[in-house]
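Structural overview for review
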Amino acid sequence: MYYNEEIETMSREELHRLQSERLVRIVKYTYDNVEFYRKRMDEHHVAPSDIKSVDDISKLPFMTKQDLRDYYPYGTFAAPAESIVRFHASSGTTGKPIVAGYTQNDLDCWSEGVARCLTAYGLSHKDIIQVSYGYGLFTGGLGAHDGAHRIGAATLPTSSGNTSKQIMLMKDLGSTALCCTPSYALFLAESLENDPDTDISRDIKLKVGVFGAEPWTENMRKELESKLRIKAYDIYGLTEVSGPGVGGECECQDGTHLWEDMFYPEIIDPVSLQPVPHGNRGELVFTTLLKEGMPVIRYRTRDLTYLDYSRCKCGRTMVRMGKILGRSDDMLIVRGVNVFPSTVESVIMEFPEFNGQYFITVDRVNSTDTFDVDVELRPELYNGNMSGILKLKDALTWRMVSVLGIKPAVHIAEPGSIERSMGKAKHVMDKRKF
Ligand code: ADP
Ligand code: ZN
């Protein structure tokens with residue numbers, strides 16, 4: 001099922017024409033209305049008239065998170081103040097938050113993006129969508145909420161936290177879909193398992209999980225699908241570009257379709273800033289083709305992924321993005337080796353004995369980096385069988401060595417001892433930074 005079949009399945013030639021027309025317009029609009037863009041383009045000796053199609057996009061300068069901070073709060077707004085109808089702010093995972101302003105058209109485009117995702121997950125007006133992303137400045141809650149209404153579904157706007165109430169309402173009202181971060185979904189699943197009054201297959205009606213806002217792996221998908229007896233789909237987005245629903249998976253679960261008619265993606269080498277060959281991993285860059293409030297042109301997301309332009313079996317022609325490895329600033333350099341937390345997660349989740357909760361601590365002791373990984377066992381396996389636990393610890397250590405190229409100190413933690421997250425999980429503490 002498509003939400004907007006005409007757009008989602010349009011030919012690549014037609015899409016190219018539409019994107020080009022929209023790019024020409026947005027470049028002129030930002031040049032005319034925002035001093036930041038005018039100055040940047042003048043400095044790069046590029047004029048709006050030089051941009052005739054998306055093939056010219058590389059003539060335009062990049063924009064970074066720092067630019068948004070430097071021009072905080074209104075400096076990159078393009079629409080008049082009176083047409084802004086809502087503000088949001090990024091969660092500030094990596095510093096001062098980014099504030100974004102939306103016109104009504106921006107909100108409509110955003111909810112259309114989410115509606116396309118929800119429809120691709122098989123949801124419709126018949127569903128009850130429990131939105132356990134935080135409501136408020138964070139784009140997750142209201143973004144999912146508006147998209148759910150756009151398809152006529154009922155929302156259960158629980159926001160994040162208060163897990164026992166979430167579970168009660170999920171059971172009593174019969175939520176059929178759950179929107180939250182994958183780490184909160186894992187916590188909810190555990191809580192359901194531990195609830196003596198709940199039998200998941202009998203009492204829980206969930207069929208779909210709509211998970212995003214942080215990196216999660218294929219192995220985590222399997223875990224969540226089996227624990228909650230659902231199909232778990234990825235949804236991607238960021239405040240600077242709009243919010244969740246910049247793209248989402250389809251029923252094939254084989255890549256995240258990006259809604260390219262609204263958001264033009266590029267992948268660049270974060271060092272040389274040159275485009276990478278198709279299919280190679282690099283930094284994702286977006287240009288918003290329709291945004292009025294706070295458009296971005298060639299915005300460097302710092303998210304590392306790759307794009308696949310081959311045709312998807314679902315019939316959608318929009319490009320598919322691979323799972324996000326992490327942000328460039330999530331990458332740890334430990335004893336000279338690059339380590340992404342998502343790779344650590346993926347290795348841990350290869351072992352059915354672990355419950356998906358983990359925490360990485362990096363430090364420097366006597367001029368040498370230390371790399372500790374705490375990982376929880378499933379409660380039913382946490383018993384007095386010391387030799388079994390030691391064997392497992394060894395197996396995980398050596399699997400990490402072979403995948404990461406570095407030996408961690410693995411600690412088997414007591415179930416429940418690693419702090420759970422209600423929103424975006426914090427999996428890493430790098431003490432070298434303090
Ligand atoms: P912040 O940058 O403060 O976390 P946002 O709340 O806007 O602000 O989060 C957007 C970021 O969250 C993205 O740039 C990306 O790093 C991450 N993200 C969002 N959705 C996903 C997803 N499905 N998979 C991986 N990472 C995601
Ligand atoms: Zn598809």
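Notes on the structure in this doc start here. (Residues numbered from 1 in each chain as written. Chains lettered and ligands numbered in written order. Predicted model: local features only at pLDDT ≥ 70, side-chain atom pairs only at ≥ 80, totals over all residues. Heavy atoms only, no water.)

**Some points on the coordination of the zinc ion (ligand 2)**
Bound to the zinc ion (ligand 2) on the protein side are C250 (SG), H257 (NE2), C312 (SG) and C314 (SG), at distances that span 2.1 to 2.3 Å. Classification of the site at the zinc ion (ligand 2) as tetrahedral follows from its 4 donor atoms and the range of 104 to 114° in their angles at the metal. We note that the donor set of the zinc ion (ligand 2) lies within a single chain, spaced as C-x6-H-x54-C-x1-C. Comparing C250 with H257, the two get one shared label, buried. (Donors = N, O, S within 2.8 Å, 3.2 Å for Na, K, Ca; no water. Tetrahedral: all angles 85-135°; square planar, octahedral: opposite > 155°, others 65-115°. Buried < 20%, exposed > 50% of the residue type's maximum accessible area, 1.4 Å probe, protein only.)

**A short note on helix 10 (residues 218-228)**
Counted residue by residue, helix 10 has 8 buried out of 11 residues, so it is predominantly covered. Within the span of helix 10, buried status applies to N219, M220, R221, E223, L224, E225, K227 and L228. Residue R229 follows helix 10 closely and has a positive phi angle near 55°. (Helix = DSSP H or I, 4+ residues; strand = E, 2+ residues; numbered from the N terminus.)

**Notes on the nonpolar core**
Residues L118, Y121, L123, I129, Y236 and F286 are the most contacted members of the largest nonpolar core, which totals 70 residues. V362, L392, M400 and I412 belong to the second-largest nonpolar core, a separate cluster that totals 24 residues. (Core = buried A, V, L, I, M, F, W, Y, C linked by side-chain atoms within 4.5 Å.)

**Considerations on the packing of aromatic side chains**
The full count for this structure, using the stated rule, is 12 aromatic pairs. Where Y184 meets F187, the ring centres are 6.2 Å apart and the plane angle is 50°; that geometry is what we call tilted. Of the two residues, Y184 and F187 are both situated in helix 8 (residues 182-194); the distance of 3 residues between them amounts to about one turn of the helix. Residue classification places Y184 among the buried positions, given a relative accessible area of 0%. Look at F187 and you get buried, because its relative accessible area is 18%. Taken together, a centroid distance of 5.8 Å and an interplanar angle of 55° make the contact between F351 and F354 tilted. There is no split in this pair, since F351 and F354 are both buried. Three or more aromatic residues link up through ring pairs in this structure, and these residues are F36, Y37 and Y71. Looking at K291, its charged tip hangs above the ring of Y102, at a distance of 5.2 Å from the centre. (Phe/Tyr/Trp six-rings, centres within 6.5 Å; stacked < 30°, edge-to-face > 60°. Lys NZ or Arg CZ within 6 Å of the ring centre and 35° of its normal.)

**With respect to the pattern of salt bridges**
Per the stated rule, a full pass over the model turns up 32 salt bridges. With a closest N to O distance of 2.7 Å, E266 and R298 form a salt bridge. With E266 in strand 10 (residues 263-268) and R298 in the loop between strand 11 (282-288) and strand 12 (299-305), this residue pair connects regions lying 32 residues apart in the sequence. You'll find E266 and R298 in the same group, each marked buried. With a shortest N-O distance of 2.6 Å, R399 and E350 are connected by a salt bridge. Taken together, the residues span a long stretch of sequence, with R399 in helix 12 (residues 386-404) and E350 in the loop between helix 11 (341-348) and strand 18 (354-365) at a distance of 49 residues. Beyond isolated ion pairs, a larger network of salt bridges with shared partners links R22, E112, R116, R150 and D261. (Salt bridge = Lys/Arg side-chain N within 4 Å of Asp/Glu carboxyl O.)

Geometric values such as these leave the question of function open.
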